Structures are given as structure tokens and as C-alpha cells.
Amino acid sequence: MKLTQSRLKELISYDPETGEFTWLPRKTLAKHLWNAKAGTYDKLGYLRIKVEGVQYLANRLAFLYMTGEIPEGKIDHKDTNPSNCAWYNLREATSSQNSMNSCARSDNQLGMKNIRVKGTSFQVRIGKDGKSYTKTFKTLEEAIEWRDTKLLELHGDFANNGEAK
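Keep in mind the model is a prediction, meaning the values are calculated, not measured.

Colleague: Could you clarify how one ought to interpret the overall build of the protein in this entry?
Modeller: Scanning the protein from terminus to terminus reveals four helices and ten strands. The linear arrangement of helices and strands in the protein, starting from the amino end, is α-β-β-β-β-β-α-β-β-α-β-β-β-α. Projecting the C-alpha coordinates of the protein onto the three principal axes gives extents of approximately 70 × 25 × 25 Å. Taken across its 165 residues, the protein has 35% of its residues classed as buried. By sequence separation, contacts in the protein at least 24 residues apart represent 39% of the contacts at least 6 residues apart. Counting only carbon and sulfur atoms, one obtains 50% of the accessible surface of the protein, whose full area is about 10300 Å².

Spelled out as C-alpha cells, the structure:
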């Protein structure tokens, strides 16, 4: 049976301001779990909640709770924190948009998204729709300035330069 918004609201309470889910009291739930926080965090920081034998990502349940639908595509956390399921922090996204709003890779020498050291200069590479935009600069400051401008131009609301939000 498919989980509906009304059934979810019978079982769990969702606080859109904090993103917290709590179990609602009911006869079939042990009393010590009434009003307890729902779900457990996986190793990547995503909250997972098991409802009627099916495990869901909390961000998807937030959409069901608030809109009555679970999006077919991805759900992006604007602040890139997978544990933050506050409603203001969630938005529907394509896989491409979700990738745009990511942090620097862990193997990045500079710890800066889209910028790498190339000899004695700095190379910026930004992708969108299968096309790569690449430019090389003598200084890191120039590279950062071009990257930030180009990210905003290409990625719009999903632009993320990898710095803390």
C-alpha cells in the first residue's frame, strides 16, 4: 500500500521549522516511543525513517507531509547538510542541479570547488549540460572571482562555490 499524506500525518509529526519528525501516540506503538524522534541517521548524515515496514529518506517524507506528493527526482538540501530537513532548506532538483549544489571533493588540493593547481597557475573548470567551461589564471584571487561569477551565471539558484553557507 502506498503511503499517503493523511496516513503519514496519523503516524508522525513533522516540524517544518526544525525538520524534526516525531512519532505520534497510538495504540500499536510502545508508550516509550510516543513523541520520540523518528528515524536514524545513516553514515552520510541522511535521516531515514521506517514507516509501516518501508524505509524512507526524511527529506522525501517532508515533501509528502507538506505537499501531499513525493517528488520523482532528487531533493536538494540548499545548505548541503543532509541532516537538515527543515522545509526552507529543501527543494526539488534534477540530478544535475543537485550536483551543482555540492562541496569541493575531498581530494581537491586547495579544498576549493572547481579550482585546481596547474603548474604555477590556477585552473577553473565548471560544467553544465555536458559542456565544460575552463579558464586558467595567474592568481588564486582571479580564479575565485571568475569561478564565482561563472557559477552564478551557469547554475543560478543552485550555484555553490563550495564555501560554507
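The rest of the description comes next.
Colleague: What am I meant to see in the pattern of salt bridges here?
Modeller: Working definition: two side chains of opposite charge can pair if their charged atoms are close together. Tallied over the full model, the rule gives seven salt bridges. Where Glu52 meets Arg7, a salt bridge forms, and the shortest distance between an N and an O atom there is 2.6 Å. Of this pair, Glu52 sits in the loop between β4 (47–51) and β5 (54–57) while Arg7 sits in helix α1 (residues 5–11), and the two are 45 residues apart along the sequence. With a relative accessible area of 49%, Glu52 lands in the partly exposed category. With a shortest N-O distance of 2.8 Å, Arg91 and Asp76 are connected by a salt bridge.

Colleague: Explain the sheet that holds strand β10 (residues 131–137) to me, please; I cannot follow it from the model alone.
Modeller: Across a sheet, paired strands are connected by hydrogen bonds in the backbone, their directions being either parallel or antiparallel. The strand order across the open sheet built from three strands is β8-β9-β10, with neighbouring strands paired in antiparallel fashion. Bordering the open sheet on either side are β8 (115–118) and β10, each of which pairs with just one other strand. Strand-to-strand twist of the sheet, defined as the mean angle between neighbouring strand axes without regard to direction, takes the value 25°. Here four bridges tie β8 to strand β9 (residues 121–128), and the two strands are oriented antiparallel to one another. Bridge pairing in β9 places Ile115 opposite Val124. Along the sheet face, helix α4 (residues 140–155) touches β8, β9 and β10 and points at about 5° away from the line of β9.

Colleague: How do you make sense of the packing of aromatic side chains when you look at a structure like this?
Modeller: Two measures describe an aromatic ring pair: the distance that separates the ring centres and the angle between the ring planes. Tallied over the full model, the rule gives four aromatic pairs. An angle of 35° between the planes, with centres 4.6 Å apart, marks the rings of Tyr14 and Phe21 as tilted. The pair formed by Tyr14 and Phe21 is uniform in burial state, with each residue classed as buried. Among the aromatic side chains, those forming a connected cluster through ring pairs are Tyr14, Phe21 and Tyr65. Sitting over the face of the ring of Tyr65, Lys9 holds its NZ or CZ atom 4.9 Å from the ring centroid. Here the basic side chain of Arg91 rests over the ring of Phe158, its NZ or CZ set 3.8 Å away from the ring centre.

Colleague: What is the right way to read α4 from this model?
Modeller: Owing to its 3.6 residues per turn, the α-helix aligns residues three or four sequence positions apart on the same side. Here α4 contains 16 residues, and its C-alpha end-to-end distance of 21 Å stays within 8% of the 22 Å for a straight helix at 1.5 Å per residue. Those residues of α4 not exposed but buried are Ala143, Trp146, Arg147, Lys150, Leu151, Leu154 and His155. Mapping the buried residues of α4 onto a view down its axis gives an arc of 135°, with all of them on the same face. Exposed side of α4, more than 90 degrees from the buried face: Glu141, Glu145, Thr149, Leu152 and Glu153 are the residues found there. Close packing links the buried residues of α4 with α3 (95–100), β8, β9 and β10.

Rules behind the numbers
- Residues numbered from 1 in each chain as written.
- Predicted model: local features only at pLDDT ≥ 70, side-chain atom pairs only at ≥ 80, totals over all residues.
- Heavy atoms only, no water.
- Helix = DSSP H or I, 4+ residues; strand = E, 2+ residues; numbered from the N terminus.
- Buried < 20%, exposed > 50% of the residue type's maximum accessible area, 1.4 Å probe, protein only.
- Contact = heavy atoms within 4.5 Å.
- Areas by Shrake-Rupley, 256 points an atom, 1.4 Å probe, with all protein chains shown as cover.
- Salt bridge = Lys/Arg side-chain N within 4 Å of Asp/Glu carboxyl O.
- Pairing = 2+ DSSP bridges.
- Axes fitted to C-alpha atoms, helices over the stretch in contact; angles between N-to-C directions.
- Phe/Tyr/Trp six-rings, centres within 6.5 Å; stacked < 30°, edge-to-face > 60°.
- Lys NZ or Arg CZ within 6 Å of the ring centre and 35° of its normal.
- Expected span 1.5 Å × (residues − 1).
- Arc of directions from axis to C-beta.

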